[in-house]
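Structural overview for review
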Amino acid sequence: MTEAEVTDVDVQYMPPERRAEVEPPMVEAVEIVRVYETGAEPVRALDRVSLRVPRAKLLALRGRSGSGKTTLLSIIGGLDRPTEGHVVIDGQTVSEFNEEQLVEFRRHRIGFVFQTMGLLPILSAAENVEIPLRLVKAEPSAREARVRELLTMVGLGERMDHRPYELSGGEQQRVAIARALANRPHVLIADEPTGQLDSDTGRGIMTVLRNLVRDEGITAIVATHDPSLIDLADQVIELRDGRIVTPG
Ligand code: ADP
Ligand code: MG
């Protein structure tokens, strides 16, 4: 059967593995090149990197410091533009968006989690999670329900009113994940989200991400250099000097 012969109804009743084969990927990067011209010598941070991540899968991006992980995540998430190549997310060619379209796209479609969580210290966990909902002007009652749902989802339903300094590092990172998911993004991008945590806590965070992908149907791309976290991924890609060494 060719792709053209598969109908929507067929796809609906397919087992997930088969579905992933016939559906277009949620994230596709094609021949991405990124050259930084900032220094005396140009730096070729990414050199023809291509990848595809099916809907509701978790891709781990590994590689040593300087291998190009952050650059690739920034380009996929629309925070930076490729020098060559293009990015397609959910059927849209993001790398061709103008600035205004990119802001909208990031706000609605992408959730970001960084190594340093970036929570506002004077706000409670609930207020931190609420920020993106305010940015899209969600109704107060809808905001409150969604914040509760999100914090419960990451296991912090009882800690809603705590400030970041009243939470452990792992709990703070869970708040950051809840915040990233506030506007129901299709894609979650996490740049070394366990980098500042001890290995048990880090594994807890990866498990939270793993469960979100399974239960919420989110597509996640997680950069990590922690080999012990790799087995939780559906797909692993390794970067070395801006190139893929292990095709996923
Ligand atoms: P990783 O996240 O794997 O540590 P990065 O994507 O941060 O790797 O960096 C890849 C390469 O690009 C490195 O050589 C780094 O020094 C370089 N680089 C990253 N950002 C910039 C920038 N803004 N200007 C110039 N060079 C950069
Ligand atoms: Mg990095």
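These remarks concern the structure in this document. (Residues numbered from 1 in each chain as written. Chains lettered and ligands numbered in written order. Predicted model: local features only at pLDDT ≥ 70, side-chain atom pairs only at ≥ 80, totals over all residues. Heavy atoms only, no water.)

Overview of the overall build of the protein chain
Rules: Each helix corresponds to a stretch of at least 4 residues labelled H or I by DSSP, and each strand to a stretch of at least 2 residues labelled E; elements are numbered beginning at the N terminus. Each residue is assigned to one of three classes by its accessible area relative to the maximum for its type, calculated with a 1.4 Å probe on protein chains only: buried under 20%, partly exposed between the two thresholds, exposed over 50%. Here a residue-residue contact requires only that any non-hydrogen atoms of the pair lie within 4.5 Å. Residue exposure ignores everything except the shown protein chains as possible cover, and the areas themselves are Shrake-Rupley values with a 1.4 Å probe. Charge assignment: positive for Lys and Arg, negative for Asp and Glu; neither His nor the chain ends contribute. Each charge is placed at NZ for Lys, CZ for Arg, CG for Asp and CD for Glu.
When its secondary structure is counted, the protein chain shows eight helices and 10 strands. When its C-alpha atoms are laid out on the principal axes, the protein chain stretches across 55 × 50 × 40 Å. Taking all 248 residues of the protein chain together, 47% fall into the buried category. Long-range contacts, defined here as pairs at least 24 residues apart, represent 69% of the contacts in the protein chain between residues at least 6 apart. Here the protein chain has roughly 12,800 Å² of accessible surface; of this, 48% comes from carbon and sulfur atoms. In the protein chain, the 30 positive side-chain charges and the 39 negative ones have mean positions that sit 2 Å from each other.

Observations concerning the sheet that holds strand E7 (residues 187–191)
The condition is simple: In this description, strands pair whenever DSSP reports at least two bridges between them. Axis lines are fitted to C-alpha atoms, over the contacting stretch for helices. Their N-to-C directions set the angle, which ranges from 0 to 180 degrees.
Strand order in the open sheet formed by six strands is E6-E7-E8-E3-E9-E10, and the pairing between neighbours is mixed. Because the sheet does not close on itself, it has two edges, and the strands there are strand E6 (110–113) and strand E10 (243–244). Direction of pairing for E7 relative to strand E8 (residues 219–223): parallel, over a ladder of five bridges. Paired with Val-187 across the strands is Thr-219, a residue of E8. Along the sheet face, helix H3 (residues 69–76) touches strand E3 (58–62), E7, E8 and strand E9 (235–240) and points at about 155° away from the line of E7. Contacts from helix H8 (residues 199–216) reach E3, E7 and E8, with the element oriented near 145° to E3.

Description of the site of ligand 1
The line we're drawing: The cutoff for a nearby residue is simple: one of its non-hydrogen atoms must lie within 4 Å of the molecule or strand. Under the rule applied, a polar contact is a pair of N or O atoms within 3.5 Å (in protein, one hydrogen donor and one hydrogen acceptor; residues adjacent in sequence only if both atoms are side-chain atoms). Asp, Glu, Lys and Arg are counted as charged, while Ala, Val, Leu, Ile, Met, Phe, Trp, Tyr, Cys and Pro are counted as nonpolar; the rest, among them Gly, fall into the polar class.
In the vicinity of ligand 1, the contacting residues are Tyr-36, Thr-38, Val-43, Ala-45, Arg-64, Ser-65, Gly-66, Ser-67, Gly-68, Lys-69, Thr-70 and Thr-71. Between ligand 1 and Ser-67 there is a distance of 3.2 Å, counted from an oxygen atom to a backbone nitrogen or oxygen. Here an oxygen atom of ligand 1 sits 3.1 Å away from a polar atom, N or O, in the main chain of Gly-68. At the level of elements, strand E2 (43–53) and H3 are the ones that each hand at least two residues to the shell around ligand 1. Here the shell around ligand 1 is built from residues that sort into three nonpolar, seven polar and two charged.

Section: the side chain of Arg-179
Applied cut-off: In what follows, salt bridge is the name for a side-chain nitrogen of Lys or Arg lying within 4 Å of a carboxyl oxygen of Asp or Glu.
Mapped onto the elements of the fold, Arg-179 is located in helix H7 (residues 169–180). No salt bridge is formed by the buried Arg-179; its nearest oppositely charged neighbour, Glu-127, is found at 12 Å. With residues up to four places along the chain from it excluded, the contact list for Arg-179 reads Met-117, Gly-118, Leu-119, Asn-128, Val-129 and Pro-132.

A few points about the pattern of salt bridges
The tally for this structure, following the rule as stated, stands at 18 salt bridges. The salt bridge involving Glu-31 is made with Arg-48; its shortest N-O contact spans 3.3 Å. A residue pair is termed long-range when its members are at least 10 positions apart, and Glu-31 in strand E1 (residues 27–36) and Arg-48 in strand E2 qualify at 17 residues. Among the residues examined, Arg-48 registers a relative accessible area of 42% and is labelled partly exposed. What emerges from the salt-bridge pattern is a single network uniting Glu-31, Arg-48 and Glu-84.

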